Amino acid sequence: MIVDEQKPFKSLFSMIVNDTISFCWLDEQLLAYNTSSGDTHLLEGDAAWLISTLSERPLTNEQVHQLHKQRDSNLQFPLSRLIMNLESIGIIRVRDANSGFAAG
Amino acid sequence: MRIADLQQDELQQTLCQEGIWLSVFPFLFHIKSNELAVATGISQLYADYPVAFQGDYADFHITIKPPAGVRRFWRPQIQFYLDRHRPFKPLPRNQSYAFLEWGMNWCVANHMHRYLILHTAVVEKNGKALLLPGASGAGKSTLCAGLVARGWRLLSDELALIEPESGRLIAFPRPISLKNESVGVLNAFAPEFLIGPIVNDTQKGSVAHAKPMAESVHSACNNALADWIVFPQYVDGSDAKLEPMAGGTAFMQLQEQAFNYQLHGKRGFEVLTGLVKRSDCYSFEYSSLEEGVSLLESHLLGEPLAVASL
């Protein structure tokens, strides 16, 4: 996995913030190339969707809603904290603070 | 001048003295050796390749000769030299020709980093290239030889050279390496193939090399773009089975077969993803070469299955 299973967001943040990842969709799979380490990772399912979504910043309201929806379904990550952290450091912009996640 | 234009003793004598400048597109090898097996192997298997007796330049200067020391008297060995370096431990003398072939592969895989290099057989038909990546023993060379026998052009049976700027596959046709049972399998499937002497008890078992078709050598300067990537796996007793593979999975397996992917950095990622994007990817199990080749041709080229495989 591209993210540390124990600290998923720390590694994810640093890579996205530092813009050190190149992405490429092949069929329904996402390849992520870390230009710092030279490692290539294969991401599928939620992880692929999450990282791909985060890489398209700023997020739209619709994307934030989708993230919120995912939190209650099959994603194991604490997304509300993730979104707040992303917003606080300026990586994403949540246009409507009352639409869900800001109240987390 | 081609190797076939030379008498065996003339070739042997030149190999012992100045050496020969053997053009194996896209590289030039300067080869010296006093081993009869090396001269015989080159004479048989490189008959269609251009050669010169003098040269100002070569990509690789190779010498195959016995190592110094008294050991040679009771257990004859052979040593591979690149320039003055000995990158390998010596091997038993009866493996001298195979040593040359393995050493030539090593030279290219470890030095020609202007290409992205994959451990992959490559053949082409109707302008469309098929990659057959696989670890040693997966059956890629046998399948490659089977397809060549059916009229596919050999680009390489070991190393796919990808030009990063264009993504095109550069041909590097060489004798096809066969191991163990695959020698007999190819003999039965395509008796027209000229297969060199079998050398037993190597690290890879019994090995032999099959001479590439002259057409593949003569058209080596024609490169190709990938259309299919098929990951073969020989499975004893299995029916031939071709199944689509997701692009990401294919990429990861292809990356494992790359010699210098890391060296190319982000460009390597882009070249390899480009290769997978333009190709249909499959996993492929087979045990019968006849059935396997027929199924591949039927599916990839839309040709009817041979009666024997119906």
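Residues numbered from 1 in each chain as written. Chains lettered and ligands numbered in written order. Predicted model: local features only at pLDDT ≥ 70, side-chain atom pairs only at ≥ 80, totals over all residues. Heavy atoms only, no water.

**Student:** How do you make sense of unusual backbone geometry when you look at a structure like this?
**Tutor:** Only a minority of non-glycine residues have a phi that is not negative, and only a minority of peptide bonds are not trans. Residues and elements named next belong to chain B. Of note, the bond from F25 into P26 is cis; its omega dihedral lies within 30 degrees of zero at 5°. Positionally, P26 belongs in the loop between β1 (20-24) and β2 (27-33). A positive phi is found at D83, a non-glycine position, where the angle reads about 55°. The residue D83 is located in the loop between β5 (77-82) and β6 (91-92) in this model. A relative accessible area of 46% places D83 in the partly exposed class. With phi around 55°, N126 is a residue other than glycine that occupies positive phi space. Looking at the element boundaries, N126 is found in the loop between β7 (116-125) and β8 (128-133). (Helix = DSSP H or I, 4+ residues; strand = E, 2+ residues; numbered from the N terminus. Buried < 20%, exposed > 50% of the residue type's maximum accessible area, 1.4 Å probe, protein only.)

**Student:** Could you clarify how one ought to interpret the pattern of salt bridges in this entry?
**Tutor:** As a working rule, side chains carrying opposite charge can pair if their charged atoms are close by. All names here are of chain B. Tallied over the full model, the rule gives nine salt bridges over all chains. Between R150 and E290 there is a salt bridge, and its shortest N-O distance comes to 2.8 Å. A residue pair is termed long-range when its members are at least 10 positions apart, and R150 in the loop between α5 (140-149) and β9 (153-156) and E290 in helix α10 (residues 289-301) qualify at 140 residues. Among the residues examined, R150 registers a relative accessible area of 29% and is labelled partly exposed. Here E165 ties to R267 by a salt bridge, and the two come within 3.7 Å at their closest N and O atoms. On the criterion of sequence distance, the pair formed by E165 in the loop between β10 (159-163) and β11 (168-170) and R267 in helix α9 (residues 261-277) is long-range, its members being 102 residues apart. E165 gets classed as exposed once you look at its relative accessible area, which sits at 62%. Here the salt bridges share partners, and the residues they tie into one network are K125, R150, E290 and E297. (Salt bridge = Lys/Arg side-chain N within 4 Å of Asp/Glu carboxyl O.)

**Student:** Is there a simple way to think about the packing of aromatic side chains in this case?
**Tutor:** In this description, an aromatic ring pair is defined by two values, namely the gap between the centres and the angle between the planes. Residues and elements named next belong to chain B. Taken as a whole and assessed by the stated rule, the structure comprises 16 aromatic pairs over all chains. Aromatic pair F88 and W106: ring centres 5.2 Å apart, planes at 75°, arrangement edge-to-face. In this pair, F88 is assigned in the loop between β5 and β6 and W106 in helix α4 (residues 96-111), connecting sequence segments 18 residues apart. Of the residues examined, W106 reaches a relative accessible area of 26% and is grouped as partly exposed. With centroids separated by 5.6 Å and ring planes inclined at 15°, the aromatic side chains of F284 and Y286 adopt a geometry described as stacked. (Phe/Tyr/Trp six-rings, centres within 6.5 Å; stacked < 30°, edge-to-face > 60°.)

**Student:** Looking at this structure, how should I read the interface of chain A and chain B?
**Tutor:** Each partner contributes to the interface: chain A provides 16 residues, whereas chain B provides 16 residues. Taking both sides of the interface into account, the surface hidden between chain A and chain B amounts to around 1200 Å²; carbon and sulfur atoms contribute 66%. It is L26, Y33 and T40 of chain A that lose the most area in chain A upon contact with chain B, and together they represent 41% of the buried surface on that side. Along the contact surface separating chain A from chain B lie zero salt bridges. At the junction of chain A with chain B, the criterion picks out six residue pairs in polar contact (both at pLDDT 80 or more). Of all the secondary structure elements, the ones that give two or more residues to the side of chain A that touches chain B are β1 (21-26), β2 (29-34) and β3 (40-43) of chain A. (Contact = heavy atoms within 4.5 Å. Buried area = accessible area lost by both parts, 1.4 Å probe. Polar contact = N/O pair within 3.5 Å; in protein donor to acceptor, adjacent residues only side chain to side chain.)

**Student:** Which parts of the structure should I look at to understand the sheet that holds strand β3 (residues 51-52) of chain B?
**Tutor:** Hydrogen bonds between backbone atoms are what pair the strands of a sheet, whose relative direction is either parallel or antiparallel. Residue and element names in this part refer to chain B. If you walk across this open sheet you meet the six strands as β3-β1-β2-β4-β5-β6, and the pairing is mixed. Only two strands of the sheet have a single neighbouring strand rather than two, namely β3 and β6. Relative to β5, α4 is tilted by about 25°, and along the sheet it contacts β1, β2, β4 (60-65), β5 and β6. (Pairing = 2+ DSSP bridges. Axes fitted to C-alpha atoms, helices over the stretch in contact; angles between N-to-C directions.)

**Student:** What should I look at first to understand the confidence of the model for chain A in this one?
**Tutor:** When pLDDT is averaged along chain A, the result is 58, and 22% of the positions lie at 70 or above. Confidence scores differ between elements of chain A, with helix α1 (residues 8-17) of chain A showing the lowest mean pLDDT of 53 and β2 of chain A the highest of 80. (pLDDT = per-residue confidence, 0-100.)

**Student:** Can you help me understand the sheet that holds strand β13 (residues 199-202) of chain B in this one?
**Tutor:** Residue and element names in this part refer to chain B. Here three strands make up an open sheet; going across it, the order is β12-β14-β13 and the pairing antiparallel. Both edges of this open sheet fall to β12 (176-179) and β13, since each of them pairs with a single strand only. Across the sheet, the mean angle separating the axes of adjacent strands is 35° when strand polarity is ignored. Inspection of the sheet shows β13 paired to strand β14 (residues 205-210) by two bridges, in the antiparallel sense. Bridge pairing in β14 places T202 opposite G205. Most of the contacts of helix α6 (residues 181-189) go to β12, to which it runs at about 115°, and overall it touches β12 and β14.

**Student:** Is there a simple way to explain the side chain of H119 of chain B in this structure?
**Tutor:** Residue and element names in this part refer to chain B. By secondary structure assignment, the location of H119 is in strand β7. In this structure H119 comes out as buried when scored by relative accessible area, which is 15%. A polar contact of 3.2 Å, which involves the side chain of H119, links it to the side chain of K140. In this view, H119 contacts P133, G134, S136, K140, E158, Q257 and F259; residues no more than four positions away in its chain are not counted.

**Student:** Quick question: what am I supposed to make of the nonpolar core here?
**Tutor:** A general feature of soluble globular proteins is that nonpolar side chains tend to end up buried together. Residue and element names in this part refer to chain B. In terms of nonpolar packing, the biggest core is built from 43 residues, with F29, I42, Y46, I62 and V108 touching the most fellow members. Within the residue set of this core, elements represented by two or more residues are α1 (8-16), β1, β2, α2 (36-45), β4, β5, α4 and β10. Ranked by residues supplied to this core, first place goes to α4 with nine residues. What Y46 contacts, discounting residues up to four positions off in sequence, is I3, L22, V24, G41, Y97, E101, M104, R174 and P175. Counting residues in hydrophobic clusters, the runner-up holds 32 residues, among them L154, I176, I195 and L300. (Core = buried A, V, L, I, M, F, W, Y, C linked by side-chain atoms within 4.5 Å.)

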